[in-house]
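Descriptive analysis of the structure
One letter stands for each residue in the lines below.
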Amino acid sequence: MMQFFRTLLGVKGEKVGRQIVDALVELDPKSASTAQLRVMETDLDKAGKLLANLRVELQRERKEALEARENYNRRLAAAEHLNSLLAGTTDEVKRASLESSLANLLTQLETLESEVLIEEREADEAEALVAEAEQAYREKAKMLTEAKSALTKAERDMERAKIQEEREKERANRAAQVAGLRGEGEGSKLTVAVDAMQRRAQQARTNAEAARMKAQALTDLSSRTSENMGDANIEAALKAVGNSSGAGGASVQERLARLSGKPAALAAPADPAALPWPGKQG
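Residues numbered from 1 in each chain as written. Predicted model: local features only at pLDDT ≥ 70, side-chain atom pairs only at ≥ 80, totals over all residues. Heavy atoms only, no water.

The next thing to look at is the environment of Ala-131. Position of Ala-131 among the secondary structure elements: in helix α3 (residues 92-178). Counting along the chain gives 76 residues from Ala-131 to Arg-55, while the straight-line C-alpha distance between them is 9.4 Å. (Helix = DSSP H or I, 4+ residues; strand = E, 2+ residues; numbered from the N terminus.)

All told, the structure shown has 14 salt bridges when counted by the stated rule. For Arg-160, the salt bridge goes to Asp-157, with nearest N and O atoms at 2.2 Å. In this pair, Arg-160 and Asp-157 both sit in helix α3, three residues apart, roughly one turn of the helix. In this structure Arg-160 comes out as partly exposed when scored by relative accessible area, which is 48%. A cluster of three or more residues bridged by salt bridges with shared partners is formed by Glu-57, Arg-60, Glu-61 and Glu-64. (Salt bridge = Lys/Arg side-chain N within 4 Å of Asp/Glu carboxyl O. Buried < 20%, exposed > 50% of the residue type's maximum accessible area, 1.4 Å probe, protein only.)

A few words now on the confidence of the model for the protein. Per-residue confidence for the protein gives a mean pLDDT of 76; residues scoring 70 or more make up 64%. By mean pLDDT, helix α1 (residues 2-27) is the weakest element of the protein at 56, and helix α2 (residues 29-88) is the strongest at 89. In this model residues 277-282 is a low-confidence stretch, pLDDT under 50, and it forms three contacts with partners more than four residues away in sequence or in other chains. (pLDDT = per-residue confidence, 0-100. Contact = heavy atoms within 4.5 Å.)

The next subject is the side chain of Thr-89. In this structure, Thr-89 sits in the loop between α2 and α3. For Thr-89, the side chain forms a polar contact with the main-chain nitrogen of Asp-91, separated by 3.2 Å. Setting aside chain neighbours within four positions, we find Thr-89 in contact with Lys-94, Arg-95 and Leu-98. (Polar contact = N/O pair within 3.5 Å; in protein donor to acceptor, adjacent residues only side chain to side chain.)

One can find Glu-61 in helix α2. Ignoring anything within four residues of it in the chain, the contact list for Glu-61 reads Glu-119, Glu-122, Ala-123 and Ala-126.

Our next topic: α3. Between its first and last C-alpha, α3 extends 126 Å over 87 residues, near the 129 Å set by a 1.5 Å rise per residue. Between the side-chain oxygen at the start of α3 and the backbone nitrogen of Val-93 there is a gap of 3.1 Å, and the oxygen is on Asp-91. (Expected span 1.5 Å × (residues − 1).)

The next point concerns the environment of Ser-97. The topology assignment puts Ser-97 in helix α3. Accessibility expressed as a relative area gives 42% for Ser-97, which makes it partly exposed. Along the primary structure Ser-97 and Leu-86 are separated by eleven residues, whereas in three dimensions their C-alpha atoms are 9.1 Å apart.

Put into structure tokens, the structure is as follows:
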């Protein structure tokens, strides 16, 4: 059970680790690229150290193979020399001694032959391994060089893209201003000040218009009378008929009779001298 949980946590941990790495790369791609370059450089350094060690090992294997081959060839030459001596002597004692020595030498040569082949095979394998390591090192070095070049190019592209983005934003902002979609840019303090003064002037004009309307209304109210009640038509009609009320105003006797409900007393005849036309009576 514990092994299961350790394995599960290991899998989950790898997934979470990848998610964290992805988030960090998205947050700061330049730093992530720099970190990746450092990883590649470290990997290249390891490959270089391995290649150096393999080259040292190759030199050792080559030396051992060469020494084994030289030892074999030397003993082979000695065996051939003993064989020539054996062929040139007729002394039985010497022949027996030479034959015994030649037999021992041939036994050594038969043993050395397999050892020489092994040493030479190991040298060939070491040489092939070095060649493979050199190829891997060249590829890693090429990848690192290309990655650095790509990072430099990406940085330049990013800077150019930022500049282009700012230019396009500014162009779009100017186009929007010309189209009347928004006010002047916030970056111009002079424009901001002009806008503020224009708004203040408009407010002053609005206040002045309100004050004028108020003064007009108060003037109209003060000019009203009991007769016209401020009505221009009534005032004009009263001026047209004059101050006369037609049949004349009621006398004091008539007003008193209306109030007391008694018939009004007849008024005394008017003085002929007071009539408007002399010599005529009304």
